[in-house]
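If you want the building blocks of each chain, they are given just below.
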Amino acid sequence: MQLTSSMRAGHIAVILLAALCACSGHAQTTAAQPSPAAAETKLDRVDAIVNNDLILDSDVDEERRLEALQPFHVSTEAFSRDKAIERLIDRALILQQAELQSQDTITDAQLKTETDALRKNIPDCKNKKFDCETDAGWSSFLAANGFTVEEFNRRWRERMQVLRFIEQRFRAGIKITPEEIEAYYTKTMLPEYARQNTKPPPLDSISDRIQGVLLEQRVSDLLGDWLKSLRAQGSIVVLHANEEAP
């Protein structure tokens, strides 16, 4: 069964996955000298450097806003900047490896399939607070959460890329049973939709996405060990308040 980007909960084992995935706006922004005009307005602070790619303050803020749009992940934890930076570091490492291995990019058609499904399942879209099935309504919903359509598509495409890489590298041999999918739907998703006073989608319409969430949990140990190895081999610098990038 094909893994989709919507399957990702906010944290892909150690990412996201998430995550998600993501990025001037992206977790892999190459260092560049700011223009004088930009310097006179506001500099985008560097929070981390991952093998010469930058994670910026704006990336962390985007991660916070994107996390709020996850329709299938239930989390009672408050947003943490430190955890978001760690997710972005892991995501950057995965994307770097995907690029080294010449992984196929996500096509526009694949992205559209994902976002069309997403537009039907986000609670604020389903309860008609926003008519997300229309382009105007979707744009309004994204604007209310601080994104343009182009910014969101870039971030979601990145998350799809991360998920594809993880599926290809770690999924072999892992099987999620129908019983596990039904248990997650009954015990986790239905109470959350009830809390939001939103009618839940039928199980058969989202079983693929639930499978992705459960698969994410199953591969977390494998992914965690692999990312620890990448961190040990690479150059990771996390900058705290009042610290300047080298």
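Up top is the structure these notes are about.
Residues numbered from 1 in each chain as written. Predicted model: local features only at pLDDT ≥ 70, side-chain atom pairs only at ≥ 80, totals over all residues. Heavy atoms only, no water.

A. Local environment of the state of the cysteines. The final tally for this structure, using the stated rule, is 1 disulfide. The partner cysteine of cysteine 125 in its disulfide is cysteine 132, sulfur to sulfur 2.0 Å. Between cysteine 125 and cysteine 132 the sulfur-sulfur dihedral comes to about -65°; the bridge is accordingly left-handed. Both residues of the pair, cysteine 125 and cysteine 132, belong to the buried class. (Disulfide = S-S within 2.5 Å. Buried < 20%, exposed > 50% of the residue type's maximum accessible area, 1.4 Å probe, protein only.)

B. Representation of the environment of aspartate 208 in the model. Note that aspartate 208 resides in helix α9 (residues 203-233). It is 8.8 Å that separates the C-alpha atoms of aspartate 208 and isoleucine 181, two residues lying 27 residues apart in sequence. (Helix = DSSP H or I, 4+ residues; strand = E, 2+ residues; numbered from the N terminus.)

C. Inspection of the nonpolar core at higher detail. Membership of the largest hydrophobic core comes to 33 residues, with the highest contact counts inside it found for Ile94, Ile210 and Trp226. Listed by contribution, the elements that provide at least two residues to this core are β2 (46-50), α3 (81-100), α7 (149-170), α8 (178-195) and α9. The element contributing the most residues to this core is α9, with 10 residues. Not counting residues up to four positions away in its chain, the partners in contact with tryptophan 226 are Ile94, Gln97, Phe165, Arg169 and Phe170. Counting 16 residues, the second largest nonpolar core, distinct from the first, contains Leu69, Phe141, Leu142 and Phe152. (Core = buried A, V, L, I, M, F, W, Y, C linked by side-chain atoms within 4.5 Å. Contact = heavy atoms within 4.5 Å.)

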